[in-house]
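Chain and residue survey
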Amino acid sequence: MPASASRKTGLEQLSDDLAAAVERAAQTVVAVNGRPRIAASGVLWRAGVVVTAHHTLRREEDLTVTLADNRTVPATVAGRDGATDLAVLKLDAPGSAEFADGAVKVGHLVLQVGRTGSAGHSASLGLVGAIVGPWRTWRGGEIESLIQLDLAIHDGFSGSPLIDTSGKVVGLNTSGLGRGVALALPVPVVNRVVDGLLAKGRIARGYLGVGLQAVEVPAALAAKFAPPARSGLIALTVDADGPAGRAGLQLGDVIVTVAGQPVADVRDLFALLGPERVGATVVLTGLRGGAPLELKVTVGERPTQ
């Protein structure tokens, strides 16, 4: 047979390289048995530490993890953070994921490697569609950057690693942060949250106990504030036992400033409720029935669930 006949085409070589990358990454991909029907994927992020997606963890008792060698071992929750959709488990298992040296770029080929039980690993291939951020989630999580993917996250793939074509991890996949959009948290973001969860079991964030929506303030009422407040946040729900409820906030009240800063959007409020605000007293100014309103609220800590 001529030597040329045994040579692989470029597509065949690419196919073999991708399969090798998946096999390499799969050694630290696990199945997290923490919900009915189908397990979620997770990653042996560090020795004895598994990272998975918070929204896939439906219970915290009787947790087990199925490893790459099909052994199933017990695990405990070290911490979880719904705002960034990350959960950290501790277990007795060796191994640690390999991480890429650089960040992915738009257009890079990437793969997801999932494991949803003892049947072995699965994979899907796609592109990095966009890199977005900084971004604040609807629960107040601050994410420096976010990888938007041109692929589908299959059942059980949330919590799986996103890898490059060499098999090294560049992020953690989740379907819990965007509606119908496949996203991955870059490694530096995951590391920051994991460090906090391992240290304290949670990521503290400020909490007022209200449901708010942006609303325009009529010009005649806006003039009551200096500078004039063209918009604010109307209270649609108030937890009577929450920080704002205990301070006297009522349904229909409109908040225009918190700690002296205007809040025209819910994201503006989240930006003012970082860990440093928990336990602090802040002044809310706004309107009640067209009259000026001022309340002093001691900021609580957002519940983990």
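Computed from a predicted structure; not experimentally measured.

**Describing the overall build of the protein chain**
When you go through the protein chain residue by residue, the secondary structure sums to five helices and 22 strands. Counting only C-alpha atoms, the protein chain reaches 90 × 45 × 30 Å along its principal axes. Within the protein chain, the proportion of its 305 residues that are buried is 46%. In the protein chain, the proportion of contacts linking residues at least 24 apart, taken out of those at least 6 apart, comes to 60%. If you sum the accessible surface of the protein chain, you get close to 14600 Å²; carbon and sulfur atoms cover 52% of it. A distance of 3 Å separates the average location of the 29 positive side-chain charges in the protein chain from that of its 28 negative side-chain charges.

**Quick look at the environment of glycine 279**
Within the secondary structure layout, glycine 279 lies in the loop between helix 5 (266-271) and strand 20 (281-288). On the accessibility criterion, glycine 279 (54% relative accessible area) is exposed. For glycine 279 and glycine 48, which are 231 residues apart along the polypeptide, the C-alpha to C-alpha distance reads 34 Å. What glycine 279 contacts, discounting residues up to four positions off in sequence, is Thr298 and Val299.

**Describing the sheet that holds strand 8 (residues 121-132)**
An order of 7-8-11-14-13-12 is seen for the six strands of this closed barrel, with the pairing classed as antiparallel. Each strand axis lies, on average, 45 degrees off the axis of its neighbour in the sheet, ignoring direction. With five bridges joining them, strand 8 and strand 11 (residues 146-150) adopt antiparallel strand pairing. Its bridge partner being in strand 11, valine 128 is matched across the sheet by leucine 149. In the packing of helix 1 (residues 10-26) onto the sheet, the strands contacted are strand 7 (109-115), strand 8 and strand 12 (161-163), and the crossing angle to strand 7 comes to about 45 degrees. Along the sheet, helix 2 (residues 187-200) contacts strand 13 (169-174) and strand 14 (183-186); its crossing angle with strand 14, the most-contacted strand, is approximately 70 degrees.

**Remarks on the side chain of threonine 56**
By the secondary structure assignment, threonine 56 is in the loop between strand 3 (49-53) and strand 4 (64-66). Polar side-chain contacts of threonine 56 include one of 2.7 Å to the backbone oxygen of alanine 53.

Calculation criteria
Residues numbered from 1 in each chain as written. Predicted model: local features only at pLDDT ≥ 70, side-chain atom pairs only at ≥ 80, totals over all residues. Heavy atoms only, no water. Helix = DSSP H or I, 4+ residues; strand = E, 2+ residues; numbered from the N terminus. Buried < 20%, exposed > 50% of the residue type's maximum accessible area, 1.4 Å probe, protein only. Contact = heavy atoms within 4.5 Å. Areas by Shrake-Rupley, 256 points an atom, 1.4 Å probe, with all protein chains shown as cover. Lys, Arg positive; Asp, Glu negative; His and termini not counted. Charge placed at Lys NZ, Arg CZ, Asp CG, Glu CD. Pairing = 2+ DSSP bridges. Axes fitted to C-alpha atoms, helices over the stretch in contact; angles between N-to-C directions. Polar contact = N/O pair within 3.5 Å; in protein donor to acceptor, adjacent residues only side chain to side chain.

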